[in-house]
Each structure stands twice: as C-alpha cells, then as structure tokens.
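Overview (structure and organization)
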Amino acid sequence: MAHHALYNYYTNRSRRSARNLAGSAHDESTESVAEFLSNEAKSNEDFSLEVVHSSLNVEQEQDLRGSLIERLSRGCVYSGTGNLITLKGGSSSSPMYPRGRSGGVMMCYFCVVRDEMAADEAAADDTIDEQQSYFSSDMVVCFLRQFASQDVELDLFRPELDEYCAHLAQSGVLHTFRERRNKRMSDTPLTSKMALRNWSKKCIDYLPRCVTFFGQRLHLMINAALVAQELKIIGSSEELSQDVKAFFSALSLSALHHKPVGPQDDAQNEDENHYGTVTLIFAEGGTGFSIVGDLGESTEFCRQWAQAMLAERSDAIRLKRVIHNYGLQVIQDINTLKGLLNQAETNHYALYNCHLYLAACRAPARAVLGVVQRDVSKSVRKQAKDVLAALLEFEEKSSSGTWPPKGTEEC
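Residues numbered from 1 in each chain as written. Predicted model: local features only at pLDDT ≥ 70, side-chain atom pairs only at ≥ 80, totals over all residues. Heavy atoms only, no water.

Some thoughts on the overall build of the protein chain
Within the protein chain, the secondary structure is distributed over 17 helices and eight strands. Per-residue burial for the protein chain yields a buried fraction of 44% across its 411 residues. (Helix = DSSP H or I, 4+ residues; strand = E, 2+ residues; numbered from the N terminus. Buried < 20%, exposed > 50% of the residue type's maximum accessible area, 1.4 Å probe, protein only.)

Take a look at the structure:
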C-alpha cells in the first residue's frame, strides 16, 4: 500500500546559501563544505511544517508529521537528497496502518525541496548582508509504502525517488500545490494529484513490468545496457518508453561512464561516444521489439542474470536487490581489471594476465574494457595509456584471428 504527503517547510536560511543555490558568480560568497553543513543544520533548528496535501487519514498524517519533526530537528537533513524513516504507527494492539496477514511496517522516503524563487530574490538583494537570513518556504515531499518487515531496502530506490522529486519541482507540480494552498483553493488539478499518487508506479513498480515485458529476451536488454551509454526508443507509448528508459538506467553502467567537467577536445569526445547509442524499435501495439546497435553477442553472464531477474519478477524489492548484486559483480570485474593494468605498468607479464582475465571474467569483456578505457583516457599517466593501448591492440588481434602468428603455438 502506497501513500504520499506534501508539506510546506518554513525556515530561515542564510543569504550565502541562497547565492550558492542561485548559482551566483561571486566567488567570495561560495560556502566551504563546513559552512554549508553548518547552515543546513541551523535551518533545521527553527522551522515549522504545514500539511498541503496528503492521502493519509488525520491520525496517520499526525504520526508522519511528528516523525518528520523529530528527524528534521536532529539536523543532517539536506535539501535535494532523500532520507528514510520508519513510522511508529501506534501500538501493536492498535496499529494506525493495516498490517495485513504478514504484518508490516510503514517506511517513508522524504525530500526537502528548496524554494528557488525565494533564493533567487535573496541572492539578488544587495541590501541583505551575507550573514543575514531570509525567510524560505520550502516543501517536503513524502512517499510512504508498507512492507512485510523492517528489513527492506527502499534505499535501493533512492536514485529513482530523488529524480522523481526533482521532476515534480521542475514540472511545476509542487508549485501548483503551493499556489492552491496559499490562495485557499481546493480545486487542485487532477494531473498534479496523479503525479503524486503515481510515485510508486513510476519509481518502483516499473521493474516487474519491464522484466515481464522483455521475458526470455531480457538478456538482450542487459547486454545492451552494459555496452551502450544511451538508449533511443521508437514506436512505443509514452508510459512504456518511460518504463524502459528507467529500466535501462537501472541496468546500465551510466554512473561509471562519468564525463569530466570542463571543455573536452574532439579526440576525447570521440572516445566518450565510442560505444554510442542503442535503438529499441517496438512493433505496432508494443508487443514485440528489435534492438539496433553495435552490441556484439549476448553472453552467458547476461543470460544468467536475466534468469535471476525473471525468478523475482513478482516482487519489486527482491528484483531491485538482484539488480544491485548484478551491478556489484560488474564493478568487481572492472576493479580487478584496473588492478591488473596497474601491475602491467611495471610488470609486462601482468599485461598477458589482463588478456586472460578478459577472456574469463563474468561480465561482458567489452563492457568491462569500455569503462576502464574511459577512465584511463582521463588519466595523466602516459604509462597507463601505453599499457591500455597495448592491451587493446592485443585484444583486436586475438578477436580477428591474427594472433598468434602462423607457425607459432600459444604457451
């Protein structure tokens, strides 16, 4: 069972933090990390919460508000980043939330969304001293879901939930609720209400839908997500497209394909796009699909993890755990190859070990090598680039059948 709630969060913030949020070009106003943490903590010392919208009943909403006040008062809650709390929910003999046959607890994800309009005004007002504060009417977005036990990993969905909160702010949904509340209007548009109501469908339940949709061809999507950096979709409905893009992001190595900040030369940009884009073309009606892109063949690694995901398709939380473990295994293979490459800078035999490892590693060698190649391309160590270039040349000769040379035997 999923619920949601929205609160106005009234507090005083420093003008310096407002200038940082507004992206001011004045270098002297930039906060240090220590100053930022201190100012964020101070904003949680004197605040008030006002309910704007909630799907909970009165008793449940009061329980949530009390838990939020307790958590916010302890400090260390920063805007734009989600947090998790477990609601008390009354006594065991008289619970506020229906327990169901298997019992259960109510978990709450909440995120403080800053009032950027007030921050912009404060940043532009030169009559306010840097150390003075301004009144900020922020918002707290709450998403609640009941689980069978407290040993759940809703935190695994934090990236999706953080992104959804940012979407609610950028799309004007939160602003709509604020305006209606300030003007004492009760006719909030249905689209805004549905955006809050559908948070679980968008952020959690997309996983079982996608795994069920791809079925026995799921291994192709895993392979595509590992090798490619970007997904293009043709011929699907908007809802299916959103689901598939979120699923692709959950499976992909996008967090490892980070790009350095600052201007890049053409050669480096070309390297960043080396593995390019995969295109997913849906048949009419969305019942079938084809994948277009230079992806290579799907490996046994992809097939095994596809079967593991299919086995948990009925439970989004267990499915997310499987995907999390799959990602950890890929990262482990990447780190192992990086370690061998570091050894190869001083030990040429370790370079051959890199080749052997790529042939035997669990994750697709192309995906592992692609991430390492991007990292090394940003390195300032010429020796590391030389070692990688030698490995790439060796891999190319091995795959093309030109190694070992004719008339020789491998040891």
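As for the packing of helix H10 (residues 218-227) against helix H13 (residues 300-311)
The N-to-C vectors of H10 and H13 enclose an angle of 120 degrees; their axes lie 8 Å apart at closest approach. Here H10 is positioned oblique relative to H13, judged by the angle of their axes. When you trace H10 past H13, the crossing you get is right-handed. Contact with H10, carried on its side by Leu-218, His-219, Ile-222, Asn-223 and Leu-226, involves Phe-301, Cys-302, Arg-303, Trp-305, Ala-306, Met-309 and Leu-310 of H13 and no other residues of that element. Residues of the contact of H10 with H13, tallied by class, amount to nine nonpolar, two polar and one charged. (Axes fitted to C-alpha atoms, helices over the stretch in contact; angles between N-to-C directions. Parallel < 35°, antiparallel > 145°, perpendicular 65-115°, else oblique. Left-handed = near helix turned anticlockwise from the far one by under 90°. Contact = heavy atoms within 4.5 Å. Nonpolar A, V, L, I, M, F, W, Y, C, P; charged D, E, K, R; others polar.)

Structural notes on the sheet that holds strand S6 (residues 230-234)
One open sheet holds the three strands; their spatial order is S6-S7-S8, and the pairing between them is mixed. Each of the sheet's edge strands pairs with one partner strand only, and the pair in question is S6 and strand S8 (289-292). Taking each pair of neighbouring strands and ignoring which way they run, the sheet shows an average axis angle of 20 degrees. Inspection of the sheet shows S6 paired to strand S7 (residues 277-282) by five bridges, in the parallel sense. Bridge assignment links Lys-232 to a residue of S7, and that residue is Thr-279. (Pairing = 2+ DSSP bridges.)

Remarks on the pairing of strand S3 (residues 83-86)
Only one face of S3 is covered, namely the one carrying Asn-83 and Ile-85; the face carrying Leu-84 and Thr-86 has none of its residues buried. Pairing of S3 with strand S4 (residues 105-113), which is carried by four bridges, proceeds in the antiparallel orientation. Of the residues in S4, the one forming a bridge with Leu-84 is Tyr-109.

Some points on the packing of aromatic side chains
Throughout the structure, instances matching the rule amount to 13 aromatic pairs. Judged by centre distance (6.1 Å) and plane angle (10 degrees), the rings of Tyr-109 and Phe-143 are stacked. Taken as a pair, Tyr-109 in strand S4 and Phe-143 in strand S5 (residues 133-147) lie far apart in primary sequence, 34 residues in all. Relative to Trp-199, the ring of Phe-143 has its centre 4.9 Å away and its plane inclined at 15 degrees; by these criteria the two rings are stacked. Of the two residues, Phe-143 sits in strand S5 while Trp-199 sits in helix H8 (residues 199-203), which places them 56 residues apart along the sequence. The buried category is assigned to Phe-143, whose relative accessible area is 0%. (Phe/Tyr/Trp six-rings, centres within 6.5 Å; stacked < 30°, edge-to-face > 60°.)

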